[in-house]
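# Topology and contacts: notes
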Amino acid sequence: MKKVIVKKKRYVDSVSLMSVSGRVSELPGVSGVDAVMATVINQRTLRESGYTLPADVTVDDLVIAITAEDEAKCDEAIQAAMDLIDHKNSGGLQEFSSLDDAELKAETYDLCQISLPGEYAYAEARTALDKGLDLFIFSDNVSLEEERTLKEYGRTKGRLVMGPDAGVGLINGIALAAGSQNSFGPVGIVGASGSGAQEVACIIEHRGFGVSQIIGTGGRDLYPEIGGITMFEGIDRLEKDPETKVIVLVSKLADLGVMDKVLTRADECRKPVIVIFLGSDQKLFEGHKVTPAFSLEEAALKAVECLTGEPQKPQFTDEEIARMAHEAVSQLPAERKYFRGLYCGGTFTEEGLLYFAKHNAGIELHSNLNTKYSTRLLDSHVSVGHTILDMGAEDFTAEAPHPVFNPELRLKRLRQELTDPEVAVVLLDFITGPGVARDPITAHANECKKLRDMGVPVVFIANICGSYNDPQNIREKIGLLKDAGIIVTGSNFESAKIASAMMTELERRQTNG
Amino acid sequence: MDKNLRVINLGISSFYDALISQGVDAAQIDWKPPVKVNVELGAKVDRIMESGFAAKMHQANQDAIDMIINADPEWIGVGLAGDFIEGLDDYTVTHSGPPISFDEMVMLHQRGMVSACLFEGWAKTEEEALALIKSGKIKMISALDTNTVGAGTGIITKNVAMIIIKDRNNGKIAATFPAEGIRFQGGFCGWGLYSPEIAENLYHMRDYLLPPMDRVAKMKGGVPIKPILAESMQMGDENHTRQSAADLLFEHQVLLDMAKIDDMDREQVLASMNYIVETPRFFHCFGQGASRAANLGNVGREYSTMVTAVCGNGVRFGIKIAALGDQWFEADAPYMKGQYTSSKFTIDDQLPWIGDSCVVECAGLGGLAAAASPITCNLRGMNLRESIAQTREMEKICIGKNHNYPIPNLDFDFLPVGIDMMKVIKTGICPCIHGGMFNKEGGLIGAGMARVPMECFEKAFAAYCEKYGL
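Attention in this report is confined to the structure presented alongside it. (Residues numbered from 1 in each chain as written. Chains lettered and ligands numbered in written order. Predicted model: local features only at pLDDT ≥ 70, side-chain atom pairs only at ≥ 80, totals over all residues.)

Turning to the overall build of chain B, a few remarks are in order. Along the backbone of chain B there are 16 helices and 17 strands. Every one of the 470 residues in chain B was classed for burial, and the buried ones make up 56%. (Helix = DSSP H or I, 4+ residues; strand = E, 2+ residues; numbered from the N terminus. Buried ≥ 20, exposed ≤ 12 C-beta atoms within 10 Å, placed from the backbone.)

Structure representation (structure tokens):
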């Protein structure tokens, strides 16, 4: 539809108006924008374009003419045009051309957060260190060589280098990159795994405690080439930080020598330290004084135990889980026999795979990841049997934005899985925070609800890795998921436990049937 | 706990928004990928700069910008193109951009050639005109190979009336065609339109509208252009896309004297005055003439690496370097980025760069003078800081500064002048040029900016090195 508004006696330079038209045209659902002074020629052009102008329009008037899908879109475009004309959006935004911009007093900042394409991250990071800033590098594709140089240089300058490839961080109560706004409290975390560290922080928060800092080291910090430079720097900082009472170190399994050095350093720490190397066994910790943990949930619960002196239990007991699994699976028709884990967190996928490999031995697992626990899918886009997908992996993100930032990709996959009559159980993980998708949850919940309303029996398991303070309002979203008939767990580990129990039930039924 | 964390965000803007939503004191860097530099050629530039040859080059370049800085352009009157443009004889037509054959020309140029034959009476019909062109009898020359400027399509023949600018400093004369009034929207010579009315209007201009202007120029003993340019640059013009102030300053110079003309038909004088006042960007051709006349003094200046011409023909884009005379160095013509005059236009309607009006950039105006005219840059969504940044970037590839243009937005620092091929190669920064966007069918559909392709400079550099054995 077309809509015209006239601002009587409002003069705006025609050159400024040209940019208004161009920028408003970019709004979705808007196909035509003419913001012009109503000169005789412009009036004629507008009429030729099919607009109806009021009879009293004069050359002194400003006209905004919009062609858009519907009235609401027209109004939105008119508002956007007026905001630009009134310079409503230009205030407040502090935008500079580079770290060397003369108007930017870089030295007066504390930290530089870099999310540029990897090939450009190093040079800017170097400049930031020269200006005395701590670094948080979200970018990946930074070479190991460059990472080492940056971290060594940062160390000589007394600066913390988080990342490259650091997904989350929480510094002085401020969430960085994809991190959650966890409540403040006595637990300090150093994490070589972004979502792993965030999971620990969120479980601690949900138990009524909070987090002092989350220092993300990036996934390669414990490689022998880097030697854990940021891990050690992080432990030092948390040991000195008067607000931190307990320290949790989170990493995937890494170089044995470096892991041992980290444990030795942690042993000497004046504060209690809980350590998880996801995928490790007890043996790794032999001869060390630190408290080991073997799941993210356990690490979080041990930290809370450290603070309260009370042993902490997961949300569901093993008996409850077994009963839940039995009940759920017995209600499914026989042709529904497979599990589909649609993860967006890399560490969550890994934690799930590790658990299934251990507790569902003998069941063939398929995945887009290349792991020793699973068979590689021939085509990541087609699930086979029990499939566990890391939808944040490159085979997916090469074609669409990472599902943490834009839920579309996984939503599409969810719809695809739900058309498969052999699907019995679907697992979803959600990650919230001010830097990720505005609402990654509602659309998924709606899909599940739609299916349930149609009477299609599929069991859903979901967990939200997020803070109650996050803008996504996770209390409300948990309600939404439950209303859709989804089993909402307290952690990714618990999701895995339930999924595993259901897979066991499904397999048993197959064998018996 | 110290809740204060001040963060600079370099990259994904939603991370900046996330920081702001948490009440963080944050700054966003509007980061752009660094310019790609040809390291090998850059090293060669360094070697030349460190050699004994450099002194000669520096001197020549200083002389070249002095030719622009000390220019003293004056509007001396109106005259026929054939009388003032060297080589514009019978059966000769100029066009914009580097030389190109009729078959390769874009439709606007082809139509312009046909129109020129009809306008001059060399042919009676389009078929006759085409036959004449195919026979090879029509000589098609690049406007910037002589002493005119092919703004837009640049179709000029000997009977077109032209604005004559003389540079009293170097004695050079440049003739540029005046805009064809508001009714014809740039019309024949500029925007590549043709109709019997448009042709009629050209005669009307020559015989009726322009004679009173010629009279006033002569009455005044010439109208100095430099003061108008200098003052308008302090009033928001960059004198390529915008001449709002210059138009008024020019009118201030001439209208009262025109009113005093007592030996010409009153109606005619009034029509002429009306034509000056109602034609948008009327002063543009004066600025182009002044710029071109100054740089005519630099064509063939030995050792100088300064750019003397920058232009496109809708297919190819060409530059000239002072020391290399009238040799062209070409690349594919770039598309201008900017804003369309109406949302009905898209890139499918747009022609790649066509026109010679970047003679003003070659004299330090237009894209080099963005800081003087944030309002021009604003049409590309730029703010004051970004406009200043554009000029500061251009400084890095210019030979020096022009003290005629102290700019308020630069705290009265001077504008850069004289694009230096060596600095372009060394820094990888290509000159910013402002201009108007053409419809493939003719007519103006927008305005914006483009960058001169690096390929032109690389080819010119190779030729320069060969000429001087570097």
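With that settled, consider unusual backbone geometry. Residue proline 164 of chain A follows glycine 163 of chain A across a cis peptide bond; omega there is 5°. Mapped onto the elements of the fold, proline 164 of chain A is located in the loop between strand 7 (161–162) and strand 8 (168–171). Unusually for a residue other than glycine, aspartate 411 of chain B sits at a positive phi of about 55°. If you trace the backbone, aspartate 411 of chain B turns up in the loop between strand 14 (398–407) and strand 15 (413–419). On the basis of neighbour count, aspartate 411 of chain B is assigned to the exposed category, with 8 C-beta atoms found within 10 Å. Positive phi, normally seen in glycine, also occurs at phenylalanine 412 of chain B, with a value near 70°. Mapped onto the fold, phenylalanine 412 of chain B is located in the loop between strand 14 and strand 15. According to the C-beta neighbour criterion, phenylalanine 412 of chain B is exposed, with 10 such atoms within 10 Å.

Among the structural elements, histidine 109 of chain B can be located in helix 5 (residues 107–120). The class of histidine 109 of chain B is buried, set by 26 C-beta atoms lying within 10 Å.

A separate point is the interface of chain B and chain A. Listed by partner, the interface residues are 36 residues for chain B and 47 residues for chain A. Breaking the side of chain B that touches chain A down by element, the ones donating at least two residues are strand 1 (6–10), helix 1 (13–21), strand 2 (25–29) and helix 13 (374–378) of chain B. Per-element accounting of the side of chain B that touches chain A gives the leading share, five residues, to strand 1 of chain B. Within the side of chain B that touches chain A, the residues separate by chemical class into 16 nonpolar, 14 polar and six charged. Pairing geometry for strand 5 (residues 111–114) of chain A and strand 1 of chain B, over four bridges, is parallel. The residue bridging glutamine 113 of chain A from the neighbouring strand is asparagine 9 of chain B, located in strand 1 of chain B. (Contact = placed C-beta atoms within 7 Å. Nonpolar A, V, L, I, M, F, W, Y, C, P; charged D, E, K, R; others polar. Pairing = 2+ DSSP bridges.)

Once that is clear, we can look at the nonpolar core. Nonpolar side chains tend toward joint burial in soluble globular proteins. Counting residues in each nonpolar core, the largest one holds 157 residues, and the members touching the most others are Ala77 and Ala81 of chain A together with Met162, Ile165 and Ala460 of chain B. Per element, the largest residue contribution to this core is seven residues, and it comes from helix 8 (residues 196–219) of chain B. Non-local contacts of alanine 460 of chain B, meaning those with residues more than four positions away in its chain, are made with Ile319, Ile321, Leu324, Phe329 and Met421 of chain B. One finds Ala178, Met231 and Val329 of chain A together with Ile8 of chain B within the second-largest nonpolar core, a separate group that totals 139 residues. (Core = buried A, V, L, I, M, F, W, Y, C linked by C-beta atoms within 7 Å.)

Residues and elements named next belong to chain B. Pairing in this open sheet of four strands is antiparallel, and the strands run 11-10-9-13 from one edge to the other. Two strands bound the open sheet, and with one partner strand each, they are strand 11 (329–332) and strand 13 (354–355). Pairing of strand 9 (residues 307–313) with strand 13 involves two bridges; the strand directions are antiparallel. Across the sheet, residue glycine 312 finds its bridge partner in strand 13, namely glycine 355.

This next bit is on the sheet that holds strand 3 (residues 62–68) of chain A. Residues and elements named next belong to chain A. Taken in spatial order, the three strands line up as 1-3-2 in an open sheet, and their pairing is antiparallel. Where the open sheet ends on each side, the last strands, each with one partner, are strand 1 (2–7) and strand 2 (30–37). Strand-to-strand twist in this sheet, taken as the mean axis angle between neighbours without regard to direction, amounts to 10°. Looking at chain direction, strand 1 and strand 3 are connected through six bridges and run antiparallel. Pairing of lysine 2 across the sheet is with threonine 67, part of strand 3. Along the sheet, helix 3 (residues 71–85) makes contact with strand 1, strand 2 and strand 3, crossing strand 3 at roughly 145°. (Axes fitted to C-alpha atoms, helices over the stretch in contact; angles between N-to-C directions.)

This brings us to the environment of valine 200 of chain A. Residue and element names in this part refer to chain A. Within the secondary structure, valine 200 sits in helix 6 (residues 194–206). With 34 C-beta atoms counted inside 10 Å, the residue valine 200 sits in the buried group. For the pair valine 200 and leucine 296, spaced 96 residues apart in the sequence, the C-alpha separation amounts to 5.7 Å. Aside from chain neighbours lying at most four places away, what touches valine 200 is Ile189, Val248, Val250, Leu296, Ala299 and Ala300.

On to helix 9 (residues 226–233) of chain B. Residue and element names in this part refer to chain B. Where helix 9 is concerned, the buried positions are Ile228, Leu229, Ser232 and Met233. Take helix 9 and look down its axis: the buried residues cluster within an arc of 125°, on one side only. Residues of helix 9 that are buried in the fold lie against helix 10 (244–259), helix 12 (284–296) and strand 14. (Arc of directions from axis to C-beta.)

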